[in-house]
Structures are given as C-alpha cells and as structure tokens.
Amino acid sequence: MTQYGASQPVRRVEDARFVTGNGRYIDDINLENQAYGTMLRSPVAHANIRNIDTAAAEAAPGVLAVITGAELNAAEVNNIPCLVPIENQDGTPMAQPARPVICSDKVRHVGDNVAFVVAETLVQAKDAAELIEVDYDTLDAVVDTARAAEPGQAQIHAEAANNLCFDWAYGDAKAVEAAFKSAAKTASIEIVNNRLIVNTMEPRGVIASPATDSERMTVHAGTQGSWLVRDVLAGAVLKADPSELRLITPDVGGGFGMKAFIYPEYAAAMWAAQKLNRPVKWIGERSDAFISDAAGRDNVTRAELAFDADHKIIGMRVDTDANLGAYLSSFAPFIPTMANLKVVPGIYDVKCLHTRVRGVFTNTVAVDAYRGAGRPEAIYLIERLIDKAANELGVDRVELRRRNLIPEAAVPFERATGETYDSGEFDTVLSMALDRADWAGIDARKAESAKRGKERGIGLCYYIESTMGPEQEMAAIRFDEDGTVIVAVGTQSTGQGHETAYAQVLHEKLGVPFESIRVVQGDTDMLRNGGGTGGSRSLTAEGWAIREAADEVIDKGKHYAAQLLEAAVTDIEFGEGAFRITGTDRTIAMLDLAREAKAMATPPEGVEDGLDSEKEITVGAWTFPNGCHVAEVEIDPDTGVTDVVRYTIVDDFGRVLNPLLVEGQVHGGVVQGIGQALYEHTVHDADGQLLTGSFMDYAMPRADQMPSFDFATHEVPCVNNPMGVKGCGEAGSLASPPAVINAMVDALSDHGITHIDMPATPQAVWQMLQQ
C-alpha cells in the first residue's frame, strides 16, 4: 500500500492511454448514419438582421437542414439560461436578456450564431453555409469595458439600460468611509485585468443522437461535468425531465472553466438530431474558439486602502467594471461579484471593506469563469495594491505585508467578507519563500544584470484561494467478476490526473491492488448525480465521497465476512485489504469476499447488492489553499523584452495526496498566469472586430520562455474535510500575474514607474520607458 497510497508520487496511470493515441476525445466518436453540422457566424459585432435567405443553402448537395432562429423561436427553445442571477445593491433583480441559441433579429458580437447547417458531410455543410445570404443593418459597437455604461453608447439589449446588467455591492459603506476619514494615509490603484481567450488544446464539440422507441436521446459532449449540462439542456431544448436525456463526456483535452458552461451549439445539435431523426455531430475549430468560447477576466478596477499611523490596514474600498460580453454565460454574474469577494482582502487583516461591481454588456463574446474564476482578479488587485502602498508609504513591501498578515494564532479567522480561513501559517510560508528565493541577495543579482545592460527586479505575491462549487458530490464503488474495482465519480478530469488520484484514495482505504482500480467518469447513467470539476473542488469533494463509499464497503463487508467465516459481526475487523476474525488467522481478502458476496443465495439481513456502494456527501465548508510565489525578471530597456529568470514557489495545500500531480498542476497554473502577465492580449477594434483572432496575433506562453520552477510545500492540514486536503488546481494562476508584475515594477522603479498593466508586452514596456 505504501507505494501507491497517500503522499506518494505515483505516476499518472492515464498517460499510457493518452501518449499512445488511445484517448477517446469527442472527435474520436463517430456514430452510424451521423450527419455533420456547422454554424454560420456573424462577421459583424452589432447589427439588426433584416433578412436571412437560406434557399440556396437548402438546395445545396447533401444538405439535410438549415436551422434558423425563427424555427427555434416558434418552438420556444431559443434561449440558453443564465444559472446564477444576482440582485442589484438596491434589491432589484439584474437585467437578464435572453441568450439565443441562434439569432433571429439581431447579432451582438463577431461570431454570433446566425444559422446551423446540417449535411451528409462536413464539407457539404460548410459549402452550403457560404450560400446563405444575410442582410445586416450594421450598428455602432461597444467594446470598452470602462466606458460601456456611459451615456450615448450603443444599446446592446433593450432590457439593460446603458448596457448595465447589474450594480452589486457588499460591505458597510459607512464604516469604510469613516475608516478613510480617520486614516493617517491612503493608497490607491487602478488596474486592468486583461481579457483572456482560453484556447484549450481540444476545441469544444458535441454529438447528439435522437430518442428512439427504445432509447432516450444521448448526447456526447466535451464538458467539465455531465449532470449540470444534461439538466439544463433537457429543460431548455427537450422541455423534459433530465431523466429523458443521457449525457456522456469522454476524455477532455483541457477545460480551465470554459467547458463547464452551456453552449448554443449543443442545443442546436440536439434540435437538429430530433428533427432529422439521426445523429448530428458538431466539432468546433480553432477559429470558432476565438469567437465563441467564453472568455476570461476583463475587469477594470479602482481600489484604495486606508492605513493608521502604524501602517495597519483599517479599511478597503473596491470599485469594478466587469465585462460580461454580449450575453450572460452560465455563471457570469457570480464570478466578478461573490467569487471575487471570497478572497479580495487576501491574507491581510482588513478590518472593514466595501466592494461594488457593475456588470456591463459589450459587443464581445461572453465572459465567464477562467482558471481561478474571480479569485485571480482579487489576488492581483490586493497584491498590486499592497506593493503600491508600500512605495507610497516609504515602507519595505515585505515589512508592510508582515505588519498586516493574519496572525497564525488568530486562525481560524473570520473575514469581513464572511469567509472563515480554517487553517494557515502565513508568516511561516512567507519566510520560507523569501529564503528559498534568496530575496536578501537581489542587489548583487541586480548589479550583475546591469553589467549586461538589463534591468532586474524581484516581486512576490502571497495568494489565498477559496475553493468552491456544488456542495454535493457522489461516488459509487462496484466490484466486477474479473476482480476490477470500478469507481464511478461525478467530477470530470480535463487533464488533472483524476484517475490516478482517486485510485490512490481508494487503494489507501480498501487495500485493493492499485492496478485493479478503474475510474469511470462523465456518464449520467453511471451515477445519480455529480458536481463536475471546477473551483479546485475535485479532490476535496470527490475524494471525500470515495472515502465515504469505501467506509460503506467495509461496513457491508463485515456482515458478509461474518456470515462466511461463521462469526459475529462485532468480531470482524478490517485492515490491509482483508477481513479477519479478531485474534485469529482466519481471513478473507476484499476481492475474494466481493466475489463470494455476489454469489450468496442468502445475503446477511439488511445488506444487499454485495459490497457495491454509492454515497453522497455534502461539503459544509471549503478549503483555503495559500502560498507565496517570488518572481525575478530581467528587462531589456532597448527592446522592452521581459524574461522571467527565476521563480520560487512555497504552497500550502494541506495534506498532499500526490506530489507529482500537485507540482504539475501548479506549474501549469503559473505558466498560464505568466501568459496573462506578459503575452496574452485580446484586442478589438472600435467596430468590435477581433484583431487577435488566431495564434498569429494572440501570443500564448511557450516552454522556452519559462524558467525552471523551484517548488516546495508547507502542509497545514485543512480542518474542513476528513482528508485534510486543500485544492491545488488554480493556485498558480492566482499567484504568478501579481508576482511577475510586481517584479517588473521593481525592475523599472529607477525610471519612476510605479505600475504597468497586463499584458506587459515588449511594446508596452518600451513605450513606457520612452515616456
């Protein structure tokens, strides 16, 4: 058990399947008699549709159907609902305009859906789509987040005056105002949290199979959780109970939040399959992804801190404009408001705060959760603001942090946000990171860089994250005749290594051979319910559910073993993968008992289904992973090029189940965060055209731009779950943007630069230096 149990660096068991080409992704699935769909997308960002002429497309070779918004309107199935509506600060509901599956009267962003063409082949569908004639009456576009709600801007939805979806607030505004009036000093900052295009390795896709006399409708889709997507699509498209739809998610090549949402293409494929009575397949291409996948971030925030004479924070005020895009995506209102709120004070003892968020519509693709989902935006804000405050106060930035850290003795600590940090040794982790990064030796390294004409800087970020997601999670354990132990889970791996981690949890609990465990996911017929993957919840919730199901297996096993070994249930004990009569050498192994139990003609009273078990758990409180990251950069002032030359990580993830998986997750998150800080720039022109609509123009971070990472953990067990674990999947993306930007500002401080917005591209840095 030691080799494959908890805390062991077990290599990913799923990788053999992937690297040998035996993964099964959505495009690998082909069904008998399937047709192919393609979506005709709007070439303009904002226009009324005067007319759509589909006659030539309908007559084209191989075309089976051309589906328009008018057809879906008539059937009352032309809306994808937002799942998390919120209230304005005055208690009124937010504006909630419809999000059409296919537009019928107006398009609101480049890439908006105009018609869904289905044909015998994909080529025929694409050729026919080019024959559709659409008469657009082009309107002015709105793309600027900060100006979208200003008077005189083009109106995107009739239901949302001045393009304002909501005006939300939290906190005691009067107490904060009083704190600022009494402050010895204040500091402020205005930041842009730049829009990101997610760009998963595998694009989105769906295959919908119609219901028959003997089968329900079945949908294969690349999601982050089959049950939510099934439930929404069943109601929105089928107008039926979720039990009427089976949804299967195969292997998924990256999600980062973006594949958790409900997309119009899924509904269009389902409608077409029903109409044609045959399977319909739609696979997105990279160009589709740039103009139809939900984007991330895109906030403009102004924030202030109030300090007393001892440089202790006594108040915090935040004001944010959050771009929602043209439509409300599934969780969009929640991300910049309540998700962001969870950690906006960071790990500092902020006495009182007030935060206000205005959600605005623009003529851009919808914005929703992206790796970290509101928490990276919050941590970027507080960590940039702390650094800027230190500069304005004339205080060392590490000292200012230490002066305001939540004391370790004060944990568990209830925040002004309503969250309670259950565990954490913040000062210890900070000291570890500074020591490992040789913070004290930076002057010597700056001098060495200067000899080569480079500006060197060092920056840190102390992040904390609140994991989140559905509170309920399920797991089922089933024993096959061939000795395989099947674990059905309600989460969805998109590359994290769940098959390995969950097998480790079960192996440690039941002692069954590691190689006999098979994890199955993504099939709504395999489990009653599942919470999906997102918010770094998977191991916390699913690992817990697996343990509970395993406990039931052990409890049932004692009854079966007692009957088989002819002993009292109270005399049966379990350990090392076997049941035994206490004080004797009479035993039976778990897998042997599972086979015997299934064959028993008369099972023990009150126990049935052999050792098979299914359990649902409820997470009462989530976890708060935290850590300190230190970045070191070199900047070439002649070109503006920035290189991240050193990067040090000390993270507290509670009990670490698999160090290899954890480090891999952190590395990926750090790279994505560095991508946001330095490279990824989403640009629209004034007409709403996406100017960075391919990898020729949208810069992704590359391996040769990354340093080696110095990674360490400091384990402070979480008290909110029986495993003591804290989520790790999003941590890197919280920490690296502020760490890198803080390092850049340090490097450029001799030039009088106190802030630079993301992405800090060579052009942006060079221009700032010239100014």
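Up top is the structure.
In this text, all values refer to a predicted model and were calculated from it rather than measured experimentally.

Trainee: Just to check I follow, could you spell out the pattern of salt bridges for this structure?
Mentor: Note that side chains of opposite charge can pair when their charged atoms are close. Per the counting criterion, the structure on display carries 56 salt bridges. With its nearest N and O atoms 2.7 Å apart, the salt bridge here joins Glu632 to Arg456. Taken together, the residues span a long stretch of sequence, with Glu632 in strand E26 (residues 626-635) and Arg456 in strand E18 (residues 455-464) at a distance of 176 residues. For the residue pair Glu632 and Arg456, the accessibility class agrees, reading buried in each case. Among the ionic contacts, a cluster of salt bridges with common partners joins Asp438, Arg445, Glu448, Arg452, Arg456, Glu632 and Glu634.

Trainee: Just to check I follow, could you spell out the sheet that holds strand E14 (residues 313-325) for this structure?
Mentor: Strands pair in a sheet through their backbones, by hydrogen bonds, and they do so in one of two ways: parallel or antiparallel. On the basis of which strands lie adjacent, the open sheet formed by five strands has the order E7-E15-E14-E13-E8 and mixed pairing. Looking at which strands have only one partner, the edges of the open sheet turn out to be strand E7 (164-171) and strand E8 (185-193). Put simply, the sheet's adjacent strands are angled 10° from each other on average, direction ignored. For E14 and strand E15 (residues 353-361), the ladder comprises nine bridges, and the chain directions are parallel. Note on E15: the bridge partner recorded for Thr320 is Val357. In the packing of helix H10 (residues 375-393) onto the sheet, the strands contacted are E8, strand E13 (299-307) and E14, and the crossing angle to E8 comes to about 140°.

Trainee: For this particular structure, what's the right way to read the side chain of Asn299?
Mentor: Counting through the fold element by element, Asn299 comes out in strand E13. We classify Asn299 as buried; its relative accessible area is 6%. The contact partners of Asn299, leaving out residues within four places of it in the chain, are Ile191, Val192, Asn193, Thr320, Asp321, Ala322, Asn323, Pro336 and Glu377.

Trainee: Would you explain the packing of aromatic side chains in this entry?
Mentor: How two aromatic rings sit relative to each other is given by the distance of their centres and the angle of their planes. Summed over the entire model, instances satisfying the criterion amount to eleven aromatic pairs. A centroid spacing of 5.8 Å and a plane angle of 75° characterise the contact between Tyr263 and Tyr266, whose relative ring orientation is edge-to-face. Since its relative accessible area comes to 1%, Tyr263 is described here as buried. For Tyr266, a relative accessible area of 0% translates into the label buried. For the ring pair Tyr647 and Phe709, a centre distance of 5.6 Å and an interplane angle of 80° mean the geometry is edge-to-face. Residue Tyr647 is found in strand E27 (residues 642-652), and its partner Phe709 is found in strand E28 (residues 709-713); the two are separated by 62 residues along the sequence. Phe709 shares its class with Tyr647; the two are buried. Against the face of Tyr263 rests Arg204, its NZ or CZ located 3.8 Å from the ring centre.

Rules and cut-offs
Residues numbered from 1 in each chain as written. Predicted model: local features only at pLDDT ≥ 70, side-chain atom pairs only at ≥ 80, totals over all residues. Heavy atoms only, no water. Salt bridge = Lys/Arg side-chain N within 4 Å of Asp/Glu carboxyl O. Helix = DSSP H or I, 4+ residues; strand = E, 2+ residues; numbered from the N terminus. Buried < 20%, exposed > 50% of the residue type's maximum accessible area, 1.4 Å probe, protein only. Pairing = 2+ DSSP bridges. Axes fitted to C-alpha atoms, helices over the stretch in contact; angles between N-to-C directions. Contact = heavy atoms within 4.5 Å. Phe/Tyr/Trp six-rings, centres within 6.5 Å; stacked < 30°, edge-to-face > 60°. Lys NZ or Arg CZ within 6 Å of the ring centre and 35° of its normal.

Any functional reading would require information that these geometric values do not contain.
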